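Residues per chain, in single letters:
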Amino acid sequence: MAVHVKRFPIFIAFALFALALPAAAQNNPKLTVTSSAFTAGSAIPVRYSCKSPKVESPPLAWKGVPADAKTLVLIVKDPDAPNGTFIHWVVYNLPVTLTRLDANVPPTEKLANGGLQGANSLGQMGYKGPCPPPGSPHHYHFELTALDTTLDLKPGATAAQVEEAAKGHVKATGDLVGTFAR
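Because the structure is a prediction, the values reported are computed rather than measured.

**Q** Just to check I follow, could you spell out the packing of aromatic side chains for this structure?
**A** How two aromatic rings sit relative to each other is given by the distance of their centres and the angle of their planes. According to the stated counting rule, one finds two aromatic pairs in the structure shown. Pairing Phe38 with Phe142 gives two aromatic rings, centres 5.7 Å apart and planes at 50 degrees, and the pair type is tilted. Of the two residues, Phe38 sits in the loop between strand E1 (32–34) and strand E2 (60–63) while Phe142 sits in strand E7 (residues 138–147), which places them 104 residues apart along the sequence. A relative accessible area of 4% means that Phe38 is categorised as buried. Geometrically, the ring pair formed by Trp89 and Tyr127 is edge-to-face, given 5.3 Å between the ring centres and 75 degrees between the ring planes. Pair noted here: Trp89 is in strand E4 (residues 86–95) and Tyr127 is in the loop between strand E6 (116–117) and E7, with a separation of 38 residues, a long-range link. Given the relative accessible area of 0%, Trp89 is considered buried.

**Q** Whenever I open this one, the environment of Asn113 confuses me. Can you help?
**A** Structurally, the position occupied by Asn113 is in the loop between strand E5 (100–101) and E6. Sequence separation of Asn113 and Leu101 is 12 residues, and the distance between their C-alpha atoms is 9.5 Å. For Asn113, the residues in contact, after removing those within four places along its chain, are Leu94, Pro95, Leu98 and Leu101. Here the side chain of Asn113 touches Gly115 through a polar contact of 2.9 Å, landing on its backbone nitrogen.

What counts, and at which threshold
Residues numbered from 1 in each chain as written. Predicted model: local features only at pLDDT ≥ 70, side-chain atom pairs only at ≥ 80, totals over all residues. Heavy atoms only, no water. Phe/Tyr/Trp six-rings, centres within 6.5 Å; stacked < 30°, edge-to-face > 60°. Helix = DSSP H or I, 4+ residues; strand = E, 2+ residues; numbered from the N terminus. Buried < 20%, exposed > 50% of the residue type's maximum accessible area, 1.4 Å probe, protein only. Contact = heavy atoms within 4.5 Å. Polar contact = N/O pair within 3.5 Å; in protein donor to acceptor, adjacent residues only side chain to side chain.

Scope: geometric values only; no functional claims are made or implied.
Encoded structure:
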């Protein structure tokens with residue numbers, strides 16, 4: 001009987017280890033997302049916000065895109081918005097050969113690099129700068145995702161439509177968070 005008692009904990013340990021393997025295998029590599037305009041965790045400059053008379057998107061750069069990725073998706077979110085997450089920008093089907101987006105991306109359906117823009121939470125095409133209500137700083141997540149496919153979506157898709165179409169195709173993700181307060 002003592003032999004069976006000792007084997008049982010070992011069996012449980014192996015079973016738990018085996019169950020953990022699929023979860024570990026699903027972890028996606030990380031993309032590094034940066035901006036020359038602000039560092040991770042710091043304030044986004046006014047020129048990229050609603051306080052600027054000419055709002056423009058900030059410059060972004062990234063690295064770590066897997067070799068088997070086919071396109072990139074960029075979604076900018078404010079999870080601190082009073083009525084739920086506010087989507088500031090949706091860009092998808094960006095070519096994986098890109099390593100950056102320059103500042104002031106125009107609010108057009110199709111970008112010169114081939115990427116498509118979706119609708120932000122105001123239903124508008126293109127980047128909408130941070131504009132939180134007065135008070136505590138909000139956190140703006142510049143989420144970049146590498147996919148193993150090109151999304152079959154027309155310009156103007158919502159973030160929810162892009163995220164749904166991307167399910168099962170994610171190869172790597174990265175996030176740059178900036179803050180802004182008024």
